[in-house]
Amino acid sequence: SKYIGALFNNRNQLGDYGRAFLALALHERADKRAAQVASEIERAAKGGGSAESFWGSTEATALSVKALARITPQSETLPRAARWLVGHRRFGYYWLSTRETAFAVFALIDYLKVSHELDADYSLEVYVNGEQVLQKQVSAADASSGQTFKFERKGADVGASNDVRVVKHGHGTLYLATTLINYTNDEQVAEQGVPQLKLHR
């Protein structure tokens, strides 16, 4: 107890990783100071007014997500940080290492418990250069399936700049990861992200 008190008093010297652990330790002891540290975690988040928030590294972000999910589940920073974690997988499937993957999954489990994101009920539409290529109803049964949709464009159908628009109506959160695969002279090149696509949600 005295060690946690000493850490709390010197928390300004802690990094993002240590601050999240301190918040979790205080919360486990039902210490009201956990809310104060959670508030400081929120203020330390990077990303500004963007749709995503993060803290230094994948592991620090994961621990911060876990702390906020347990202490202040109503936090506006929490879903933005979860979105950052989900979006920073390699090729949309896994994180940089097994350690990072374990931290991220460990945190996202807590986030899903408080966000109720698996109770999805929404319609999804995808447009490529103005043409609708997908229309689907997503239910709770689909929410955790990580579905993959493939769209093919050949020759003149592919411009120097292409526009992908994703439209969602209804309850639930949509996480989107994209991979562009180019075939040239029988060679296949896969690239993370959409280097020649303009993506809208």
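Residues numbered from 1 in each chain as written. Predicted model: local features only at pLDDT ≥ 70, side-chain atom pairs only at ≥ 80, totals over all residues. Heavy atoms only, no water.

Participant: Got a minute to help me understand the environment of Thr 148 in this structure?
Facilitator: Its place among the elements puts Thr 148 in the loop between β2 (131-138) and β3 (162-171). Relative accessible area serves as the criterion here: at 61%, Thr 148 is assigned to the exposed category. Between the alpha carbons of Thr 148 and Leu 176 there is a distance of 9.9 Å; along the sequence they are 28 residues apart. (Helix = DSSP H or I, 4+ residues; strand = E, 2+ residues; numbered from the N terminus. Buried < 20%, exposed > 50% of the residue type's maximum accessible area, 1.4 Å probe, protein only.)

Participant: Looking at this structure, how should I read the pattern of salt bridges?
Facilitator: Any two side chains of opposite charge can pair, on the condition that their charged atoms come close. Counted by the stated rule, this structure contains eight salt bridges. We note a salt bridge from Asp 16 to Lys 46, for which the minimum N-O separation is 3.6 Å. In this pair, Asp 16 is assigned in helix α2 (residues 16-28) and Lys 46 in the loop between α3 (33-44) and α4 (58-71), connecting sequence segments 30 residues apart. Owing to a relative accessible area of 37%, Lys 46 belongs among the partly exposed residues under this scheme. Between Lys 66 and Asp 110 there is a salt bridge, with the nearest N and O atoms lying 2.9 Å from each other. Pair noted here: Lys 66 is in helix α4 and Asp 110 is in helix α6 (residues 98-115), with a separation of 44 residues, a long-range link. When sorted by exposure, Lys 66 lands in the same class as Asp 110, which is buried. (Salt bridge = Lys/Arg side-chain N within 4 Å of Asp/Glu carboxyl O.)

Participant: Could you clarify how one ought to interpret the pairing of β2 in this entry?
Facilitator: Here is the key point about a regular strand: its side chains alternate between the two faces of the sheet. The pairing of strand β1 (residues 121-128) with β2 spans seven bridges and is antiparallel. Bridge assignment links Val 128 to a residue of β2, and that residue is Glu 131. Counted between consecutive antiparallel strands, the loop separating β1 from β2 contains two residues, among which Asn 129 sits at a positive phi close to 50°. (Pairing = 2+ DSSP bridges.)

All quantities given are derived from atomic positions and should not be read as evidence of function.
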